Amino acid sequence: MPPTLRRITAIVPLHLEVLAGRDVLDRPVRWVAVSELEDPTPFLEGGELVLTTGMRLSGGDAVPYVSRLVARGVTGLGFGVGLSHDAVPPAFAEAAEAAGLPLVEVPRATPFIAIGKAVSDLLAGEQYEEISRAFAAQGRLTRAALQREGPVAVVDRLAREIGGWALLLDPAGAVRHAADATDRHVGPDGKHAGPGDRRAGLGDRGGAAGDWAGEAARSLAPEIARLRSAPSLASLALSTPDEHVVVQPLGRRGFFAVGSPRPFSPVAHTVVNAAGSLLTLALEQGREQRSAAARVRSAVLRLLLAGEARAAAETLAALGLRLPGEPVTVLACDTSDPEALTEALTGAAPGPRGSFAAVTTFTASWEGLLVVLAPDAHADEVVALAAQHGRVGVSVPGVEIVRSESRVDSRMDSRMDRGVEPAAAGPADRGASRPLPATGPDRVPGCVPDRVSDRVPDRAFDRGPDRLSDRGPDRVPGGVLDRVPDRVPDKALAAALDRALDQARRALVSASPVARFSELAGRGLLSLLDPAAAASFAAAILAPLREYGSRADLVESLRAYLASNGHWDAAAQRLGVHRHTLRYRMKRVSELLGRDLDDPAVRAELWIALCL
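What comes next is a walk through the structure. Note that this is a predicted model, so its numbers are computed, not measured.

1. Things to note about unusual backbone geometry
Both trends apply: most residues other than glycine have a negative phi, and most peptide bonds are in trans.
1) Next: Here the amide bond leading from Ser512 into Pro513 is cis, since omega sits at 0°, within 30 degrees of zero.
2) Next: Relative to the helices and strands, Pro513 resides in the loop between α15 (491-509) and β15 (514-516).
3) Next: The backbone of Glu367 shows a phi angle near 50°, a positive value even though the residue is not glycine.
4) Next: Assignment of secondary structure puts Glu367 in the loop between β12 (362-366) and β13 (369-375).
5) Next: For Asn565, which is not a glycine, the phi torsion comes out positive at approximately 60°.
6) Next: Of note, Asn565 is situated in the loop between α18 (554-563) and α19 (568-575).
7) Next: Judged by relative accessible area, Asn565 falls into the exposed class, the value being 54%.

2. Comments concerning the nonpolar core
1) Next: Grouped together as the largest cluster of nonpolar side chains are 30 residues, with contacts concentrated most on Leu301, Leu323, Val330, Phe362, Leu373 and Leu497.
2) Next: Among the secondary structure elements, those contributing two or more residues to this core are α9 (287-305), α10 (309-317), β11 (328-335), β12, β13 and α15.
3) Next: Membership of the second largest hydrophobic core comes to 27 residues, among which are Val154, Ile162, Phe256 and Leu283.

3. Considering the pairing of strand β7 (residues 175-180)
1) Next: Within β7, six of the six residues are buried, which leaves the element mostly enclosed by the surrounding structure.
2) Next: The sheet contact formed by strand β6 (residues 165-169) and β7 spans five bridges and is antiparallel. Bridge assignment links Ala166 to a residue of β7, and that residue is Ala179.
3) Next: Once β6 ends, the chain turns through five residues before running back antiparallel as β7, passing Gly173 with a positive phi of about 95°.

4. Examining the packing of aromatic side chains
1) Next: For the structure on display, the rule yields four aromatic pairs.
2) Next: A ring pair is formed by Trp165 and Trp212, whose centres lie 6.1 Å apart and whose planes are at 65°; its orientation type is edge-to-face. Residue Trp165 is located in strand β6, and its partner Trp212 is located in helix α6 (residues 207-219); the two are separated by 47 residues in the primary sequence.
3) Next: With relative accessibility at 8%, the residue Trp212 sits in the buried group.

5. So, helix α5 (residues 150-162)
1) Next: When the terminal C-alpha atoms of α5 are compared, their 18 Å separation across 13 residues agrees well with the 18 Å that a helix rising 1.5 Å per residue should span.
2) Next: By the criterion of burial, α5 is predominantly enclosed, with 10 of the 13 residues buried.
3) Next: Summarising the contacts, the buried residues of α5 are in contact with α4 (112-145), β6, β7, β10 (255-260) and α8 (266-284).
4) Next: Directly after α5, the chain includes Gly163, whose backbone phi takes a positive value near 65°.

6. Notes on the sheet that holds β12
1) Next: Pairing in this open sheet of five strands is mixed, and the strands run β12-β13-β11-β14-β15 from one edge to the other. On the outer flanks of this sheet lie β12 and β15, each paired with one strand and no other. Taken over all neighbouring pairs, the strand axes of this sheet differ in orientation by 20° on average, direction set aside.
2) Next: Bridge count between β11 and strand β14 (residues 390-394): five bridges; the pairing is antiparallel. Looking at the pairing, Leu331 lines up with Val394 of β14.

7. A look at the pattern of salt bridges
1) Next: What the rule picks out here adds up to 17 salt bridges.
2) Next: The shortest N-O distance in the salt bridge between Asp334 and Arg391 comes to 3.2 Å. Note that Asp334 is positioned in strand β11 and Arg391 in strand β14, a separation of 57 residues in sequence.
3) Next: Residue class for Asp334 comes out partly exposed when judged on its relative accessible area of 35%.
4) Next: For Arg391, a relative accessible area of 23% corresponds to the partly exposed category.
5) Next: Of the charged contacts in the structure, one is a salt bridge between Arg579 and Asp569, with a shortest N-O distance of 4.0 Å. With Arg579 in helix α20 (residues 579-593) and Asp569 in helix α19, this pair connects stretches of sequence that are 10 residues apart.
6) Next: Taken together, the shared-partner salt bridges in this structure form one network comprising Arg140, Arg157 and Glu161.

Reading the values: rules and limits
- Residues numbered from 1 in each chain as written.
- Predicted model: local features only at pLDDT ≥ 70, side-chain atom pairs only at ≥ 80, totals over all residues.
- Heavy atoms only, no water.
- Helix = DSSP H or I, 4+ residues; strand = E, 2+ residues; numbered from the N terminus.
- Buried < 20%, exposed > 50% of the residue type's maximum accessible area, 1.4 Å probe, protein only.
- Core = buried A, V, L, I, M, F, W, Y, C linked by side-chain atoms within 4.5 Å.
- Pairing = 2+ DSSP bridges.
- Phe/Tyr/Trp six-rings, centres within 6.5 Å; stacked < 30°, edge-to-face > 60°.
- Expected span 1.5 Å × (residues − 1).
- Contact = heavy atoms within 4.5 Å.
- Axes fitted to C-alpha atoms, helices over the stretch in contact; angles between N-to-C directions.
- Salt bridge = Lys/Arg side-chain N within 4 Å of Asp/Glu carboxyl O.

As structure tokens, this is what we get:
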């Protein structure tokens, strides 16, 4: 803030005497200008203290001279005496008082240069104080960034530093965290919630916090879209009579926006830029670690599909993670930002620990999709969250990825009491706690029949001292490792997971944004088919397409075409290709299969094959 005229006139060595305008001495002085011109206003910007000896001025010039200074926005007039005038002409004092312009008498002993140096020193001191405040604010922001919830703490601190609000947004523009240091956004009880209560994401399903933050994010959506489409990173500033907003990108990891009821000062801009740098570093650092962890999770999914539940659990335990221990629903997610969805589901996204922080979900990249294993009890919540990040295909529930040792032990004890050879717990046994659907005595949605060929050797149920649950160092309390017996690969579980993953991928074709396999047309008829015979039929009829050497995925193209009922534009949009490209692919499919795709019977047969 520049020094005021009151502060300047209070400098004793200058011996300045106020002759008019005592009530308006709190105006800021931005500079000192010395001029002997009759009209100096063309050379002024406003806010100056004009100094003159009145060399070309007389009492008759007082009113027009003062009026021109007032119109230009001059802060005050200093009239030097002892040279051209022994005293300030009374007409100037009267004109200044009438116009509301402060008039100061400068004695002969006070050189104008002394007044200029005094103002310059005060301005330099103000600038130093601003820089000091900026450095102090940067220090507080840096300390906030070092906290456990670094990005959240930075956003909360930023809102307090600027006396306004701040939003942390993901790449799509959705709110990850919101903080408000004003009194405009209050909770339902009328109390002003703290920044920690301003979460407008997973942990906040409503209320004033979510309302204002979501509304602010929606109002900024067009500007976010402009920044996202810009060829290079850029920020923007918006101003209205009531609010001033700055929006900045955080690399390619998201955006943040800050708003204040006052214009942003240079110090505030410095603080905002510092916060942007800290947020960018916080979100970008660890990218290699996240990438490595993603590769490990993909390897874990491959182990699960191979029936190696123990190895999968041990691999995850090395990362401090665990698999869901209860039956799951499989999701196939087509999202532009798998990292953001993974962070949201694991509770690692910036923000206070949300409702998913305590839910054990597993995510892994798989053939261009993000696969999510969600506990059945929380499947609907996970699906709703995933749908905010893209399209989602959902399998039938009740898919077991590991067998509960307690269930295996009780099953084995019961059979041994009856003198029956123990076998792997099949789907019918695993579903004993749930009513079985009327799809046949040996079928459970998401699982494979408990056939003799799927049984596991007796040693899989070894209850000797080598059992994992008896090993202290290797055990993960409350996780999957303490439930997975030391056993050979479980083909039944692997097949069940593979089938559920296939279901989710098939449902994804029709997702807009969510589709569930159990709701797809024709599932009741398909459940009556013999699984082995139907799978052989599907493999044979689709073999020419799967063996085709082109990079184009003819199977998925055919699936989208049939799911869209032969509508070229709709199917092409699902695939993200031009309709002419899709026409060429379907022509190639017809040639490879030797079938007419316009024939309803052929379409029905191919659709059944695709659904198996």
